[in-house]
Amino acid sequence: MQKAIKYTIFKTKWGYFGLVGTEFGLLRTCLPGPEPERVESQLLQNIPNPRYDKIIFKTAQDQIIAYFEGAVTNFTDIPVVLDGYSSFLSLVLTVCRDIEFGRTVSYSTLAKKSGRPAASRAVGGALAKNPLPLIIPCHRVVCSNGQIGGFSAAGGKDLKAKLLKHEQAALIDCKSN
């Protein structure tokens, strides 16, 4: 029996953010964009019969809004569903989820933590397929030489750099208060 797929689009300080999921957890997120219609289109691509629900994942919505307002936020308590993905992709995304707010790790470190030390490129490829950006913080994975690396979400490397800078500023604000 298929569970009802619900979604919501809500406003953050950075633009409109999208969530889609079932009663079991999030299936996909869409990072902020200026137009709710565009976010909705990206979010719901290939999702069968989604139903709008303004209050779905309300706790997650509140945490995401707080994140973009500068709060130190880890999303580890938000349930996610990674069914249907390869075991390697699911493993990489699960390990990536443990990267703490404001920290970065290299692709090679994430490969080692995933039990595949020679798979740095494959890790990068897996992160490019991350269906849950921000909740699974693939933006926190950088090159070993300190370069930003890739970012497949709309906004690309510029957005990745902006997210990392945002987290560093939030940590500084948190420590100074």
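Up top is the structure.
Numbering of residues starts from 1 in every chain and runs along the sequence as written. The predicted nature of this model means local features are confined to residues of pLDDT at least 70 and side-chain atom pairs, given and counted, to a pLDDT of 80 or more, with totals for whole chains, interfaces and linings taken over all residues. As a convention, hydrogens and water are excluded, and side-chain values are obtained from all of the structure's heavy atoms.

A. The state of the cysteines, seen in detail. The term disulfide is used for any two cysteine sulfur atoms that are within 2.5 Å. Inspection of every chain in the model, using the stated rule, returns 0 disulfides. Here Cys138 stays unpaired: no disulfide links it, and the sulfur of Cys96, its closest cysteine neighbor, is 5.9 Å away. Between buried and exposed lies partly exposed: a residue is buried under 20% and exposed over 50% of the maximum accessible area for its type, with that area taken using a 1.4 Å probe on protein chains only. In this structure Cys138 comes out as buried when scored by relative accessible area, which is 9%. Summary of cysteine pairing: Cys143 is not part of a disulfide, and the nearest cysteine sulfur, belonging to Cys138, is at 14 Å.

B. Molecular detail of the pattern of salt bridges. Salt bridges are identified by distance alone: a Lys or Arg side-chain nitrogen within 4 Å of an Asp or Glu carboxyl oxygen. One pass over the full model with this rule turns up 4 salt bridges. The closest approach of N and O atoms between Lys6 and Asp53, which form a salt bridge, is 3.6 Å. Separated by 47 residues along the polypeptide, Lys6 in strand E1 (residues 6-12) and Asp53 in the loop between strand E4 (51-52) and helix H2 (58-68) bring together distant segments of the chain. Judged by its relative accessible area of 18%, Asp53 falls in the buried class. Helix and strand labels come from DSSP, where a helix needs a run of H or I of at least four residues and a strand needs a run of E of at least two; each type is numbered from the N terminus.

C. Representation of the pairing of E1 in the model. With 5 of its 7 residues buried, E1 lies for the most part within the structure. Two strands pair if DSSP finds at least two bridges between them. In this sheet, strand E2 (residues 15-22) lies alongside E1 in antiparallel orientation, the contact comprising 7 bridges. By the bridge assignment, Ile9 is partnered in E2 with Gly18. Pairing between E1 and E4: 2 bridges, direction parallel. When the sheet's bridge partners are listed, Tyr7 is paired in E4 with Tyr52.

D. Structural detail: the sheet that holds strand E3 (residues 25-33). One open sheet accounts for 4 strands, arranged E3-E2-E1-E4; its pairing is mixed. In this open sheet, the two edge strands, each paired with only one partner strand, are E3 and E4. Only heavy atoms matter for contacts: two residues are in contact if any of them lie within 4.5 Å across the pair. Only the stretch in contact is used when fitting a helix axis, every axis being a line fitted to C-alpha atoms; angles between N-to-C directions are given from 0 to 180 degrees. In this fold H2 packs onto E1, E2 and E3, with an angle of close to 25 degrees to the strand it touches most, E1.

Treat this as a map of the structure, not an account of what it does.
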